[in-house]
Amino acid sequence: MIRVVLADDEKLIRSGWATMLSVHDDIEVVGEAGDGRAAVEAGAGADVVLMDIRMPGMDGLAATQELARRSPSTRVVVVTTFENDQLVWGALRAGAAGYVLKRAPAGELVDAVRLVHSRDAVLFPDALRRIASPHHGTAKRHAHAELTPRELDVLRRIALGQNNAEIAATLYVSKETVKTHVRNVLDKLGARDRTQAAVLAYERGLVFPGGTCDQGLAPGGGGRER
């Protein structure tokens, strides 16, 4: 059961989300909040929080950052009316696992909750690549020097939206090996999840927003691994 908290300053919107989610047997709405501070209190310990960006008092960005600090296992999906790239990027940098638009169909909202809870892939990687474009290569490249070549391969493919099974098939390794590499990548980067790792990959110039990989990445990454 995926425990979800709904955070939006409009009760009608929260009611709509609750209606869309409650019909699914694997999702349970366990709390609601009308502002950012209440979202932090209600969301701590939940699996997923649907978080509006613009709320009174503490906004969704500050609430996301505080929730990431207080409850690292909780995944935040930012839900926004306007596809403002800077706001969305700020939310991802603050610790959000992804975002959806308020006008998105119900199925997309449900899929977002399930995907960020599974932690197996980046939510909507095409949209992430688009909003990452202005931030490409803005961080120092030497900051990723502690990653091995294989870990860099895995990081790039995380940023391109591949899940563990897809990475394993592309690099000719087992899924368990991929899981180990993913854990190492997150630990070495200090990233809380795959989305934050992808954000760092774009900022450090490891992946081009157009979808190609830097440093001549080739399928197989230079050999097979067991």
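This text goes with the structure placed above it.
Keep in mind that what you see is a predicted model, and the values were worked out from it rather than measured.

Let's talk about the overall build of the chain
Per the secondary structure count, the chain includes 10 helices and five strands. Relative to its 226 residues, the chain shows a buried fraction of 53%. In the chain, the share of contacts with a sequence separation of at least 24, taken over all contacts with a separation of at least 6, comes to 70%. A total of about 10000 Å² of accessible surface is found on the chain, and carbon and sulfur atoms cover 51% of it.

Observations regarding the environment of Ala168
Position of Ala168 relative to the elements: it lies in helix H8 (residues 164-171). Taking relative accessible area as the criterion, Ala168 reaches 7% and is therefore assigned buried. Separated by 14 residues in sequence, Ala168 and Val154 have C-alpha atoms that sit 9.3 Å apart. In contact with Ala168, other than residues within four places in its own chain, are Val173, Ser174, Lys175 and Val178.

Re the pairing of strand S2 (residues 27-33)
Bridge count for strand S1 (residues 2-7) against S2 is six bridges, and the pairing is parallel. Opposite Val4, over in S2, you have Val29 as the bridge partner.

Brief notes about helix H7 (residues 149-159)
Most of H7 sits inside the fold, with 10 of its 11 residues counted as buried. Listed as buried for H7 are Arg150, Glu151, Leu152, Asp153, Val154, Leu155, Arg156, Arg157, Ile158 and Ala159. Tucked into the core, H7 has its buried residues touching helix H6 (125-132), H8, helix H9 (175-189) and helix H10 (194-203). Positive backbone phi, at 95 degrees, marks Gly161, one or two positions downstream of H7.

With respect to the packing of helix H4 (residues 85-94) against H10
Following both chains from N to C, one finds H4 and H10 inclined at 115 degrees, their axes separated by 9 Å at the closest point. Two packed elements cross with a definite hand, and for H4 against H10 that hand is left-handed. Residue-level contacts link Trp89, Leu92 and Arg93 of H4 to Thr195, Gln196, Val199, Tyr202 and Glu203 of H10. The class makeup of the residues in the contact of H4 with H10 is four nonpolar, two polar and two charged.

Focus: unusual backbone geometry
Look at Phe124: it is not a glycine, yet its phi comes out positive at around 50 degrees. Residue placement: Phe124 occurs in the loop between helix H5 (106-118) and H6. Judged by relative accessible area, which is 30%, Phe124 ranks as partly exposed. Of note in the backbone geometry, Tyr172 takes a positive phi value of approximately 60 degrees without being a glycine.

Definitions and limits used
- Residues numbered from 1 in each chain as written.
- Predicted model: local features only at pLDDT ≥ 70, side-chain atom pairs only at ≥ 80, totals over all residues.
- Heavy atoms only, no water.
- Helix = DSSP H or I, 4+ residues; strand = E, 2+ residues; numbered from the N terminus.
- Buried < 20%, exposed > 50% of the residue type's maximum accessible area, 1.4 Å probe, protein only.
- Contact = heavy atoms within 4.5 Å.
- Areas by Shrake-Rupley, 256 points an atom, 1.4 Å probe, with all protein chains shown as cover.
- Pairing = 2+ DSSP bridges.
- Axes fitted to C-alpha atoms, helices over the stretch in contact; angles between N-to-C directions.
- Left-handed = near helix turned anticlockwise from the far one by under 90°.
- Nonpolar A, V, L, I, M, F, W, Y, C, P; charged D, E, K, R; others polar.

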